[in-house]
Amino acid sequence: MSESNASHLTRIPAPEGVSPGTGYSHVVWGTGRFIAVSGQCAFDEKGEIVGEGDPAAQARQVFENLRRCLAAAGAGFEDVVKLTYFVTDVAHLPAVREARDAVIPADRLPASSAVQVAALFRPELLLEIEAFAVLPD
């Protein structure tokens, strides 16, 4: 078992009998206030797409949008317990992981799922990420 630096969360990278994941924790739990952040896409504050055709640029913008949404609830990436990645091509996942690793330390990795989708709601969008977080009481 791995205790998080955020004392209200516990992360278990690999429960006994489960193969370790690469870049995520299999189990994360906590006590406190639950926060759900809707899927974020690569839009700037004016609603313009950032990084058309560039998964790395889009991933950085998405994580910036997630940061702003979490901050609006009084949370940060250290409070995230689950990320869900929707990508139009699994080949975009290394860019997503690089952007994630820039904001979430390796010892605080949330649970995560990655899903390849046929399309997002705009053809220029390559990825969407939603987050769940828990703030301490």
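Sequence positions are assigned chain by chain, starting from 1 and proceeding in written order. Totals for whole chains, interfaces and linings use all residues, but because this is a predicted model, local features are given only for residues with pLDDT of at least 70 and pairs of side-chain atoms are given and counted only at 80 or more. Each side-chain value is derived from all of the structure's non-hydrogen atoms; neither hydrogens nor water enter the calculation.

*Asks:* Describe the confidence of the model for the protein chain, and please don't skip the residues or the numbers.
*Replies:* Scored by pLDDT, the protein chain comes out at a mean of 94, with 96% of its residues at no less than 70. Per-residue pLDDT stays below 50 along residues 1–5; that stretch engages in 13 contacts with residues further than four places along the chain or on separate chains. The predictor's confidence in any single residue is recorded as pLDDT, a number from 0 to 100. Contacts are assigned to residue pairs that have any heavy atoms within 4.5 Å of one another.

*Asks:* Got a sec to walk through the state of the cysteines? Specific residues and values, please.
*Replies:* A disulfide bridge is the covalent bond that connects two cysteines by way of their sulfur atoms. Any two cysteine sulfur atoms within 2.5 Å of one another count as a disulfide. Enumeration over the complete set of coordinates arrives at zero disulfides. Summary of cysteine pairing: Cys 41 is not part of a disulfide, and the nearest cysteine sulfur, belonging to Cys 69, is at 11 Å. Only protein chains enter the accessibility calculation, which uses a 1.4 Å probe; a residue is then buried when its area is under 20% of its type maximum, exposed when over 50%, and partly exposed in between. Cys 41 gets classed as buried once you look at its relative accessible area, which sits at 5%.

*Asks:* Explain the pattern of salt bridges to me, and be specific about the residues and the numbers.
*Replies:* Salt bridge, as used here: a side-chain nitrogen of Lys or Arg that lies within 4 Å of a carboxyl oxygen of Asp or Glu. Inspection of every chain in the model, using the stated rule, returns five salt bridges. Bridged by salt links that share partners, the residues Glu 45, Glu 64, Arg 67 and Arg 68 form one connected network.

*Asks:* Describe the pairing of strand S2 (residues 9–12), and please don't skip the residues or the numbers.
*Replies:* Each regular strand displays side chains that alternate between the two surfaces of the sheet. Comment: elements are numbered from the N terminus, with helices defined as DSSP H or I runs of at least four residues and strands as E runs of at least two. Of the two faces of S2, the one holding Leu 9 and Arg 11 and the one holding Thr 10 and Ile 12 are both buried throughout. Any two strands between which DSSP finds at least two bridges are classified as paired. As paired elements, S2 and strand S3 (residues 27–30) share four bridges and run antiparallel to each other. When the sheet's bridge partners are listed, Leu 9 is paired in S3 with Gly 30.

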